[in-house]
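One letter stands for each residue in the lines below.
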Amino acid sequence: MKKVCGCSYTVFFFLMIMILTSVIPLSAQDSGFKVSGILDSSVTAGAGTGDAPDFFIGIEEYANLRIQARIRDRAVFYGAFNFIAASGTSAQAASAMGALNTAAGWGLAGSAYVAGENYIAAMELERLYFRLNGKYIDAEAGLMRLAFGYGQVFGPTDFLNPRNPLVPDARPRAILGGALYYYPADTGKIFAFGAAPRDPFTSNGGGARVGLSGDWHWDRASIQALYAFETPHDEADQGIHRMGLSLKADVEVGITADMLYTYNREAGTGIEGLAAAAGIDYSFWEGRFYVLAEYLYSGSASSTSTDNGNLGGFSRQNYLFAQILYRFSEYTNVSLGCLSSFDDISFTPILGASHELFQGFNLDLSCRVPLDRSVFQDNGERGTLGPLPPGAGEGSRFAFTLKARLRF
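Basis of the calculations
- Position numbers for residues count from 1 along each chain, tracking the sequence in the order it is written.
- Owing to the predicted nature of the model, reporting of local features is limited to residues with pLDDT of at least 70; listing and counting of side-chain atom pairs is limited to 80 or more, with chain, interface and lining totals taken over all residues.
- Hydrogens and water molecules were not included; the side-chain quantities draw on all heavy atoms of the structure.
- Strands are labelled as partners when DSSP assigns at least two bridges between them.
- By definition, any uninterrupted DSSP run of H or I lasting at least four residues is a helix, any uninterrupted run of E lasting at least two residues is a strand, and each is numbered from the N terminus.
- In these notes, a set of buried Ala, Val, Leu, Ile, Met, Phe, Trp, Tyr and Cys residues joined through side-chain atoms within 4.5 Å is what counts as a nonpolar core.
- Under the scheme applied here, a residue whose accessible area is under 20% of the maximum for its type counts as buried, over 50% as exposed, and between as partly exposed, the area being computed with a 1.4 Å probe on protein chains only.
- When checking whether two residues touch, look at their non-hydrogen atoms; a contact exists if any pair is within 4.5 Å.
- In what follows, salt bridge is the name for a side-chain nitrogen of Lys or Arg lying within 4 Å of a carboxyl oxygen of Asp or Glu.
- Throughout this description, a polar contact denotes any pair of N or O atoms lying within 3.5 Å of each other; where both atoms belong to protein, one of them has to be capable of donating a hydrogen while the other can accept it, and for residues adjacent in sequence the pair is counted only when both atoms sit in side chains.
- Patch construction takes residues with relative accessible area above 30% that form no salt bridge. Like charges are linked within 9 Å, and nonpolar side chains (Val, Leu, Ile, Met, Phe, Trp, Tyr) are linked within 5 Å.
- Each accessible area is a Shrake-Rupley result for a 1.4 Å probe, and residues are judged covered by the shown protein chains and nothing else.
- For the charge count, each Lys or Arg is scored as positive and each Asp or Glu as negative, with His and the chain ends excluded.
- Charge positions are represented by NZ for Lys, CZ for Arg, CG for Asp and CD for Glu.

## Here's the deal with the pairing of strand 12 (residues 254-263)
- The pairing of strand 11 (residues 240-250) with strand 12 spans 10 bridges and is classified as antiparallel. When the sheet's bridge partners are listed, arginine 242 is paired in strand 12 with threonine 262.
- Between the antiparallel neighbours strand 11 and strand 12 lie three residues.
- Sheet topology note: the strand 12/strand 13 (residues 274-284) ladder contains eight bridges and is antiparallel. The residue bridging aspartate 258 from the neighbouring strand is alanine 277, located in strand 13.

## Re the nonpolar core
- Counting 15 residues, the largest nonpolar core has Leu146, Phe148, Phe159, Ala179, Phe191 and Phe193 as its most contacted members.
- At the level of elements, strand 7 (175-185), strand 8 (188-195) and strand 10 (221-230) are the ones that each hand at least two residues to this core.

## Quick notes on the environment of aspartate 258
- Note that aspartate 258 resides in strand 12.
- Spatially, the C-alpha atom of aspartate 258 lies 6.5 Å from that of glycine 149, the residues being 109 residues apart in sequence.
- Not counting chain neighbours up to four residues away, the residues in contact with aspartate 258 comprise Gly149, Tyr150, Gly151, Gly155, Pro156, Thr157, Leu245, Ser246, Ala275, Ala276 and Ala277.

## Here we look at the pattern of salt bridges
- Counting across every chain of the model gives nine salt bridges.
- Salt-bridge contacts for glutamate 126 lead to arginine 171; the nearest nitrogen and oxygen are separated by 2.8 Å. On the criterion of sequence distance, the pair formed by glutamate 126 in strand 5 (residues 120-133) and arginine 171 in the loop between strand 6 (137-144) and strand 7 is long-range, its members being 45 residues apart.
- Classification of glutamate 126 by relative accessible area gives buried; the value is 6%.
- A salt bridge links aspartate 158 to arginine 163, with the nearest nitrogen and oxygen atoms 3.8 Å apart.

## Re the side chain of asparagine 64
- Relative to the helices and strands, asparagine 64 resides in strand 2 (residues 56-71).
- In this structure asparagine 64 comes out as buried when scored by relative accessible area, which is 0%.
- In this structure the side chain of asparagine 64 is engaged in a polar contact, spanning 2.8 Å, whose partner is the side chain of asparagine 82.
- Once you skip the residues sitting within four places of it in the chain, asparagine 64 turns out to touch Ser36, Gly37, Ile38, Ala80, Phe81, Asn82, Glu126, Arg171 and Phe408.

## Brief notes about a negative patch on the surface
- The grouping of Asp234, Glu235, Asp237 and Glu266 at the surface amounts to a negative patch.
- Relative to the helices and strands, glutamate 235 resides in the loop between strand 10 and strand 11.

## Here's the deal with unusual backbone geometry
- For arginine 72, which is not glycine, the phi dihedral falls at a positive 55°.
- Turning to its location among the elements, arginine 72 is positioned in the loop between strand 2 and strand 3 (75-88).
- Arginine 72 sits in the exposed class, given a relative accessible area of 75%.
- A positive phi angle, near 50°, is found at isoleucine 345, a position not held by glycine.
- Turning to its location among the elements, isoleucine 345 is positioned in the loop between strand 16 (332-341) and strand 17 (346-358).
- The class of isoleucine 345 is partly exposed, set by a relative accessible area of 39%.

## Let's talk about a nonpolar patch on the surface
- A surface patch of nonpolar side chains, amounting to about 930 Å² of accessible area, comprises Val35, Leu357, Phe358, Leu363, Leu365, Val369, Phe398, Phe400, Leu402, Leu406 and Phe408.
- Only strand 17, strand 18 (361-368) and strand 20 (394-407) provide two or more residues apiece to the nonpolar patch.
- Here the nonpolar patch gets four residues from one element, more than from any other, and that element is strand 20.
- By the element assignment, valine 369 lies in the loop between strand 18 and strand 19 (371-372).

Structure below.
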């Protein structure tokens with residue numbers, strides 16, 4: 001069954017490429033048909049704790065392939081695919097995430113992976129949508145990305161796909177929906193959007209998300225307002241309301257503020273429905289030094305909470321992410337970042353280095369060392385960002401990842 005599924009995806013992909021290249025005239029292909037993407041080759045090694053082995057290693061090959069076809073000056077087709085092959089702890093992590101995705105009803109399911117002699121592999125449709133361009137109105141529809149807010153690290157208003165600073169390279173997931181954009185001025189945009197319910201098997205429309213958002217930009221500041229309504233379903237008989245506001249300003253330092261309030265009348269949501277982030281960033285010494293700090297308050301019923309069905313979210317309320325980056329040249333930089341939780345005194349420092357060997361090819365090295373009070377006092381008080389989070393059977397004391405990235 002798994003092999004048939006994998007072959008079906010492969011056949012579908014190549015048929016799509018053949019159809020596109022056959023129906024689009026050669027002249028249009030030369031000017032409007034583009035193929036691009038990235039290829040990541042990663043090796044991760046580290047020391048485990050709990051039920052994890054004392055030493056672990058994982059290998060992963062990941063590619064994101066994007067295609068674009070421009071139809072005259074009025075329409076554009078977009079498609080993207082993810083390919084992955086993994087072994088060791090990388091395969092275990094992919095399989096475990098697949099099981100969580102299956103339970104949650106979204107993401108790449110565990111059954112999508114095909115087992116080889118020394119690896120597991122899968123292919124996933126990531127984007128499939130079109131865009132129509134008008135003079136004052138644009139439209140998009142399909143499997144697409146709908147992003148909100150100006151937050152650099154946490155992004156509470158980006159409720160359709162909240163972020164996590166521990167996985168900065170993660171490709172934002174798509175939603176099946178559409179949007180209609182209106183441009184009343186060069187510095188303003190208003191758009192209406194709609195997204196299908198989280199449960200793809202819902203047929204009565206319960207849980208669908210619809211909303212309205214507007215952006216306005218000035219020379220040194222921008223503002224975005226958002227309202228979204230989730231239609232009634234089993235967990236919210238009266239629906240769910242979301243109201244958000246996002247700000248950014250470029251003065252002596254860069255300033256961002258991003259907040260979203262989620263209200264479920266049936267659950268009697270209070271302050272726990274609020275997710276709010278505020279951050280600053282600044283570069284100096286002719287751009288060689290760059291510093292960033294962002295704070296997050298995550299209510300238990302908010303868009304950034306794991307209690308709200310967000311698998312990559314947060315289980316505590318107060319978090320801080322800080323990072324400093326130094327550029328030796330245009331091609332080489334080092335960074336030190338840290339995500340910390342104030343509530344359980346746990347934090348994960350992240351040391352990184354990147355070097356561009358030649359245009360389009362980078363080598364990246366990162367090291368993570370999860371820490372909490374149990375590391376220093378051996379008192380068993382485990383933190384969510386520590387080596388062995390509460391309720392977890394496995395963890396890591398440290399992990400190194402070496403990644404080669406090729407852009408094409």
